[in-house]
Amino acid sequence: MDHPLPISGQTPADHALNDPIARIAVHVGDITALPETFGVDAIANAANESLAGGGGVDRAIHDAAGRDELIAYNREQYPAGCPTGLVKHSPALGLEAQGIKHILHAVGPVWPEDDAQYAMPGAPIDDTAKLGYTYADTLLASCYTQLFNLAVKYDIQHLAIPAISTGVYRFPKPRAARIAFGHAHGHLLRNDLPQRITFVCFNEED
Ligand code: ADP
């Protein structure tokens, strides 16, 4: 298999050990009930700007972590909530029994009803637009960049991430997958942390 050029200072053998592709996995299941053998120590949440709980994966995470406690923590730490494209950290509370220490609450963009609303000037205005041509692409990319930077900050070894924005927020799934995978790969090429990333898909289609 062809590998990209090694990072400077690494031998080819080091590079093979650190192959970003080998550090990325996909798991089909519920992010609040991952097998403990995975050793996941942090999960991302697809939150909304209020950080006060919502539906979908946000609801499942609040239920598992302890709804009232998690809402109270976020309200105290982040009274203004979290703007779209940014990520806030909380402890995992009730999920700590599963070895999870951190929840990273990422607020992904809502895919606009009218694509023209978010398109860059001159860009085609539908889902076929090149990646990065819509404002929503940039906001979703920002979530992933922030997630990975926080993984470094909090010394996270294994981060599990749901398919942010692809549920109620309607972000096209293949498009979101390319953004997620591209940013994960780019980050892992340059960083030791997180050591592993698992994309958790709720079903086969995801
Ligand atoms: P958003 O509002 O960001 O679109 P959703 O929670 O509606 O967030 O959907 C995001 C993704 O999370 C969807 O692919 C949905 O199928 C998936 N999902 C829902 N519940 C869970 C869960 N318990 N574990 C993992 N993924 C989930």
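Residues numbered from 1 in each chain as written. Predicted model: local features only at pLDDT ≥ 70, side-chain atom pairs only at ≥ 80, totals over all residues. Heavy atoms only, no water.

Visitor: I keep staring at the packing of aromatic side chains and nothing clicks. Help me out?
Guide: Two aromatic rings, taken as a pair, are described by how far apart their centres are and by the angle between their planes. With the rule as written, the count across this model stands at two aromatic pairs. Between the aromatic rings of Trp 111 and Phe 171, the centroid separation amounts to 4.8 Å while the plane-to-plane angle is 70°, which identifies the pairing as edge-to-face. One end of the pair, Trp 111, is in the loop between β4 (102–107) and α4 (135–153); the other, Phe 171, is in the loop between β5 (158–162) and α5 (173–190), with 60 residues separating them in the sequence. Residue Phe 171 is classed as buried on the basis of its relative accessible area, which comes to 2%. Judged by centre distance (6.2 Å) and plane angle (35°), the ring pair of Tyr 144 and Phe 148 falls under tilted. (Phe/Tyr/Trp six-rings, centres within 6.5 Å; stacked < 30°, edge-to-face > 60°. Helix = DSSP H or I, 4+ residues; strand = E, 2+ residues; numbered from the N terminus. Buried < 20%, exposed > 50% of the residue type's maximum accessible area, 1.4 Å probe, protein only.)

Visitor: What is the right way to look at the sheet that holds strand β3 (residues 87–91) in this model?
Guide: Consider a sheet: its strands pair through backbone hydrogen bonds, and that pairing is either parallel or antiparallel. Taking strand neighbours across the sheet as the criterion, the six strands line up as β1-β6-β5-β2-β4-β3 in an open arrangement whose pairing is mixed. Sheet topology places β1 (24–28) and β3 at the edges, where each strand pairs with a single neighbour. Sheet twist, expressed as the mean angle between neighbouring strand axes with direction ignored, is 25°. Relative to β4, β3 is paired through five bridges, and the arrangement is antiparallel. Bridge pairing in β4 places Val 87 opposite Ala 106. Against the sheet, helix α2 (residues 56–65) makes contact with β2 (42–47), β4 and β5, and its axis sits at roughly 130° relative to β2, the strand it touches most. Packing against the sheet, α5 makes contact with β1 and β6 (196–201), and its axis sits at approximately 170° to β6. (Pairing = 2+ DSSP bridges. Axes fitted to C-alpha atoms, helices over the stretch in contact; angles between N-to-C directions. Contact = heavy atoms within 4.5 Å.)

Visitor: Any chance you could explain the state of the cysteines here in plain terms?
Guide: What we call a disulfide is simply a covalent bond connecting the sulfur atoms of a pair of cysteines. Taken as a whole and judged by the stated rule, the model has zero disulfides. Cys 143 supplies the cysteine sulfur nearest to Cys 82, a cysteine that is in no disulfide, at a spacing of 7.7 Å. The exposure class assigned to Cys 82 is buried, which follows from its relative accessible area of 1%. (Disulfide = S-S within 2.5 Å.)

Visitor: I keep staring at the packing of α4 against α5 and nothing clicks. Help me out?
Guide: Each pair of packed helices can be summarised by the angle the axes make with each other and by the distance between the axes. At a minimum axis distance of 10 Å, the contact between α4 and α5 shows a crossing angle of 35°. Relative to α5, the crossing made by α4 is right-handed. On α5, the residues touching Asp 137, Leu 140, Ala 141, Tyr 144, Thr 145, Phe 148, Asn 149 and Val 152 of α4 are Arg 175, Ala 176, Ile 179, Ala 180, His 183, Ala 184 and His 187. Its residues placed into classes, the contact of α4 with α5 shows nine nonpolar, four polar and two charged. (Left-handed = near helix turned anticlockwise from the far one by under 90°. Nonpolar A, V, L, I, M, F, W, Y, C, P; charged D, E, K, R; others polar.)

Visitor: Just to check I follow, could you spell out the pairing of β5 for this structure?
Guide: Sheet faces and side chains relate simply in a regular strand, where the side chains alternate between the two faces. Counting buried residues in β5 gives five out of five residues, a clear majority hidden from the surface. With burial as the criterion, each face of β5 is covered, one bearing His 158, Ala 160 and Pro 162 and the other bearing Leu 159 and Ile 161. Bridge count between β2 and β5: two bridges; the pairing is parallel. Each residue of the ladder has a partner; that of Ala 42, found in β5, is Leu 159. Of the strand pairs in this sheet, β5 and β6 are connected by five bridges, and their pairing is parallel. Residue pairing for β6: Ile 161 is matched across the bridge by Phe 199. Read from β5 through α5 to β6, the crossover connection turns out right-handed. (Right-handed = clockwise from strand over helix to strand, strands pointing away.)

Such coordinate-based values are descriptive only and should not be taken to indicate function.
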